Amino acid sequence: MSALSLSGRRDSLTACLLRGRGLGGLLLLAVVVALPFFCNAYWLDVCVSIGLYALLALSLNLILGQAGIFHMGHAAFFGVGAYTTAILNTMFHIPVLWLMPVAGAVAALFALIVARPIIHLRGDYLLIVTIGIVEIVRIALLNDVGGITGGSNGIFGISRPQLFGFRIYKSLHFYWLVWGMVGLTLLLFYGLWHSRVGRALNYIKADDVAAEGCGINVSFYKLTAFVLGAFWAGMAGTIYAAKMSTIAPESFNFMESVIIFAVVILSGGSQLGVLISAFLFIGLPELLREFSDARMLIFGLAMMLMMIWRPQGLFPCLPRRYGRLRALTGAADTAKEHHA
């Protein structure tokens, strides 16, 4: 079989997968738009939680799914953003939505400070250190460092956000705010994935030693992934603080990092996979709530079976395509060499 025909079959398969994922994305969009018309207040709150976890998982996916950096301390950046918003809002009465980029910037600065000394670590070693980071942040908040975090009581009285004079306070309002933010994140991160930075992160995930040998500044791009992911997690913390109107250290513990990490691992690293995985991780236990104590057992068994039958995740990222013309040219050269 010629190289040209193999390339054609590969392109046809990739096109079919792209169409399938496109249809899956449209179906998911239709579900997100239609859900508020069929859900009561309780399930709207659940959907808001799903959106928040999807937002956090998308930000972690930039670090874990695209760069391959084992990071299990993402709740620390989430907490830093939420507390930044809570402190500035309650002390200086700055509108919540104005604080989103501020909270993101503080979380990004914190990520830069803590990640710079450890970015050279790999695999399990880096994973263990990032677990320590989230615990350090939780203990610092618990001990009321600086007298501004409220200790174990947390911070109360965070104001509701306003958008163009419209006060956001109902579950339905937060539903559209959160999922609107998720939509914006998908668009921006899709562009990032197809940019020079996205390609560099992809190379580092495949083989960071080879990437460095090809001239890619591995440390710089890993730090970039950390900072960008932390920035987005910090902004998600602003939305969480505004939704709850009170925050406490227990909301940003190690288990939150585990859930976010598991969502990304189950997703396979693609954006569509992250959204579906967030629905499964947050929504499925609520659907099984009527089974009381057995619901977590059922959920755990489902996850085990999933990892056995599809270890690559729900929707792993498709191979990059650098143009059909370039692929056909390379295939033609290969065919000439073969016949020669």
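Please read these numbers as outputs of a predicted model, since none were measured by experiment.

## Comments concerning the overall build of the protein chain
Next up, step 1: When helices and strands are counted, the protein chain shows 13 helices and two strands.
Next up, step 2: Put simply, the protein chain has 340 residues, and 45% of those count as buried.
Next up, step 3: Of all intrachain contacts in the protein chain linking residues separated by at least 6 positions in sequence, the fraction that spans at least 24 positions is 78%.
Next up, step 4: By element, 69% of the accessible surface of the protein chain is carried by carbon and sulfur atoms, the whole surface being about 17300 Å².

## Details of the pattern of salt bridges
Next up, step 1: Tallying each qualifying case throughout the model produces four salt bridges.
Next up, step 2: Asp 208 is paired through a salt bridge with Arg 122; the nearest N and O atoms lie 3.2 Å apart. Remark: Arg 122 occurs in the loop between helix H4 (99-115) and helix H5 (123-142) and Asp 208 occurs in helix H8 (residues 208-213); sequence separation between them is 86 residues.
Next up, step 3: Measuring nitrogen to oxygen at the nearest pair gives 3.0 Å for the salt bridge that ties Arg 138 to Glu 135. Note that Arg 138 and Glu 135 are positioned in helix H5 at a spacing of three residues, about one turn of the helix.
Next up, step 4: You can call Arg 138 partly exposed: its relative accessible area is 22%.
Next up, step 5: Through salt bridges with shared partners, one network takes in Arg 122, Asp 208 and Lys 222.

## A look at the environment of Ser 270
Next up, step 1: Position of Ser 270 among the secondary structure elements: in the loop between helix H10 (254-267) and helix H11 (271-287).
Next up, step 2: Taking the relative accessible area as the measure of exposure, Ser 270 reaches 7% and is therefore buried.
Next up, step 3: Of note is the side chain of Ser 270, whose polar atom sits 3.1 Å from the backbone nitrogen of Gly 273.

## Some words on unusual backbone geometry
Next up, step 1: Not every positive phi belongs to a glycine, and Phe 164 is a case in point at roughly 55°.
Next up, step 2: Take Phe 164: it is sitting in the loop between strand E1 (162-163) and strand E2 (166-167).
Next up, step 3: What makes Phe 164 exposed here is its relative accessible area of 86%.
Next up, step 4: Non-glycine residue Ser 245 carries a positive phi angle of around 65°.
Next up, step 5: As for its position among the elements, Ser 245 is in the loop between helix H9 (218-244) and H10.

## Points about the nonpolar core
Next up, step 1: Residues Ile 239 and Ile 247 are the most contacted members of the largest nonpolar core, which totals 91 residues.
Next up, step 2: Looking at which element gives the most residues to this core, the answer is helix H2 (residues 41-63), with 15 residues.
Next up, step 3: Ignoring anything within four residues of it in the chain, the contact list for Ile 247 reads Ala 82, Tyr 83, Ala 86, Asn 153, Gly 154, Ile 155, Ile 158, Tyr 240, Ala 241 and Phe 252.

## Let's talk about the confidence of the model for the protein chain
Next up, step 1: Mean pLDDT for the protein chain: 84, with 84% of residues reaching 70 or above.
Next up, step 2: Long-range and interchain partners of residues 1-8, a stretch whose pLDDT sits below 50, account for ten contacts in this model, where long-range means more than four residues apart.
Next up, step 3: Segment residues 324-340 is flagged for pLDDT under 50; beyond a separation of four residues in sequence, or across chains, it makes nine contacts in the model.

## Quick notes on a nonpolar patch on the surface
Next up, step 1: A grouping of Leu 23, Leu 26, Leu 29, Val 33, Phe 37, Phe 38, Leu 172 and Trp 176 is seen on the molecular surface, where their side chains present a nonpolar patch of about 910 Å² in accessible area.
Next up, step 2: Those elements that place two or more of their residues in the nonpolar patch are helix H1 (3-34) and helix H6 (171-193).
Next up, step 3: In terms of residue count, the dominant contributor to the nonpolar patch is H1 (four residues).
Next up, step 4: Checked against the element boundaries, Phe 37 lands in the loop between H1 and H2.

## Considerations on the packing of aromatic side chains
Next up, step 1: Within this structure, the stated rule accounts for 13 aromatic pairs.
Next up, step 2: Between Tyr 83 and Phe 252 the ring centres are 6.0 Å apart and the planes differ by 65°, which places this aromatic pair in the edge-to-face class. Placement of Tyr 83 in helix H3 (residues 74-92) and of Phe 252 in the loop between H9 and H10 is noted, with a sequence separation of 169 residues between them. Each of the two residues, Tyr 83 as well as Phe 252, counts as buried.
Next up, step 3: A ring pair is formed by Phe 231 and Trp 232, whose centres lie 5.9 Å apart and whose planes are at 50°; its orientation type is tilted.
Next up, step 4: The class for Phe 231 is partly exposed, based on a relative accessible area of 23%.

Conventions and cut-offs
Residues numbered from 1 in each chain as written. Predicted model: local features only at pLDDT ≥ 70, side-chain atom pairs only at ≥ 80, totals over all residues. Heavy atoms only, no water. Helix = DSSP H or I, 4+ residues; strand = E, 2+ residues; numbered from the N terminus. Buried < 20%, exposed > 50% of the residue type's maximum accessible area, 1.4 Å probe, protein only. Contact = heavy atoms within 4.5 Å. Areas by Shrake-Rupley, 256 points an atom, 1.4 Å probe, with all protein chains shown as cover. Salt bridge = Lys/Arg side-chain N within 4 Å of Asp/Glu carboxyl O. Polar contact = N/O pair within 3.5 Å; in protein donor to acceptor, adjacent residues only side chain to side chain. Core = buried A, V, L, I, M, F, W, Y, C linked by side-chain atoms within 4.5 Å. pLDDT = per-residue confidence, 0-100. Patch = residues over 30% accessible without salt bridge, like charges linked within 9 Å, V, L, I, M, F, W, Y side chains within 5 Å. Phe/Tyr/Trp six-rings, centres within 6.5 Å; stacked < 30°, edge-to-face > 60°.

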